[in-house]
Amino acid sequence: MELHITGDPAADKLLSEDDFALLTGMLLDQQVTMESAFAGPEKIRTRIGSLKPGAIAAHDPAAFVEMFKERPAVHRFPGSMAARVQALAEAVQNEWDGDAAAIWTQGSPDGAEVLRRLKALPGFGEQKAKIFLALLGKQRGLEAPGWREAAGHYGEDGAFLSVADIVDPESLVKVRASKQAAKAAAKAGKER
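Residues numbered from 1 in each chain as written. Predicted model: local features only at pLDDT ≥ 70, side-chain atom pairs only at ≥ 80, totals over all residues. Heavy atoms only, no water.

The name given to the protein chain in an unreviewed UniProt entry is HhH-GPD family protein, with the source organism recorded as Pseudarthrobacter defluvii.

Printed below as a string of structure tokens:
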């Protein structure tokens, strides 16, 4: 299934065809817009000529940070996020033989096991892992038993809570609205 997250056809094509690109986009999805985060892998690929985990892990860390800073920047926090992308690439290379899809396919894991594997990755906490699991199930055809339950409320049909639910401009608007409502509710809760 072709993904439509960034509004950039080349970036969306890469996300649709390259599992490590999708994983990297999810990693970058914090403190920037979803579109910017998921466009990051295409910027990396264009600038260093590869998005292979082994190539990224082996890249000079200082040069990788500088590449993150090139305009338009890959992320608003180039130093820390460049290091996280390299750590993720190293984990995928060393633990999964450079095959990101093996994380959710190797050994026919159930949803709970996929979630455990995702949470073991650098930069993937509980929420990010659940959102990515929902993205795999809703848009990448993941058939791991129990993936919806493991993804929590992100796995629900019609939830419009995260990138997992973005399939067109209309669904992007719905996800944005639910995120804004959640932020407003969290802020109101802190003010009490």
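So that's the structure; there's more coming.
1. Some words on the overall build of the protein chain
Secondary structure assignment for the protein chain yields 11 helices and 0 strands. Secondary structure elements in the protein chain, listed N-terminal to C-terminal, are α-α-α-α-α-α-α-α-α-α-α. Computed over the C-alpha atoms, the radius of gyration of the protein chain is 16 Å, within 12% of the 16 Å expected from 2.2 N^0.38 for a compact globule of 192 residues. Summarising its shape, the C-alpha atoms of the protein chain cover approximately 45 × 40 × 35 Å along the three principal directions. Out of the 192 residues in the protein chain, the part that is buried amounts to 46%. The long-range share in the protein chain, meaning contacts at least 24 apart out of those at least 6 apart in sequence, stands at 53%. On the protein chain, roughly 9400 Å² of surface is accessible, and the fraction owed to carbon and sulfur atoms is 51%. (Helix = DSSP H or I, 4+ residues; strand = E, 2+ residues; numbered from the N terminus. Rg over C-alpha atoms; globule rule 2.2 N^0.38 Å. Buried < 20%, exposed > 50% of the residue type's maximum accessible area, 1.4 Å probe, protein only. Contact = heavy atoms within 4.5 Å. Areas by Shrake-Rupley, 256 points an atom, 1.4 Å probe, with all protein chains shown as cover.)

2. Remarks on the UniProt feature "domain: HhH-GPD" (unreviewed entry) in the protein chain
The feature "domain: HhH-GPD" (unreviewed entry), as annotated in UniProt, sits at residues 25-127 in this numbering. The straight-line gap between the two end C-alpha atoms of residues 25-127 is 15 Å; of that span, 66% is helix and 0% is strand. (UniProt positions renumbered as here; feature names shortened; annotations may be inferred.)

3. A look at the nonpolar core
Counting residues in hydrophobic clusters, the biggest one holds 58 residues, and the most contacted among them are Leu 23, Phe 68, Trp 104 and Phe 132. Ranked by the residues each element gives to this core, the list is headed by helix H6 (residues 78-96), at 8 residues. Residues within four places of Phe 68 in sequence aside, it is in contact with Leu 28, Ile 44, Arg 47, Ala 73, Val 74, His 75, Pro 78, Met 81, Ala 82 and Val 85. (Core = buried A, V, L, I, M, F, W, Y, C linked by side-chain atoms within 4.5 Å.)

4. Quick look at the layout of surface pockets
Each pocket or cavity is described by its volume, and for the largest pocket that value is around 610 Å³. Around the largest pocket sit 22 residues that line it, and Gln 127, Ile 131, Leu 161, Lys 179 and Lys 183 are the ones nearest its centre. Elements with a minimum of two residues in the lining of the largest pocket: helix H9 (126-139) and helix H11 (169-190). Looking at the lining of the largest pocket element by element, the count peaks at 7 residues for H11. Looking at the lining of the largest pocket residue by residue, the class counts come to 9 nonpolar, 8 polar and 5 charged. (1 Å grid on protein atoms, 1.4 Å probe; cavity = no way out; pocket = protein on both sides within 12 Å on 5 of 7 lines; lining within 4 Å. Points joined across faces, edges and corners; volume = space filled by probe spheres on them. Nonpolar A, V, L, I, M, F, W, Y, C, P; charged D, E, K, R; others polar.)

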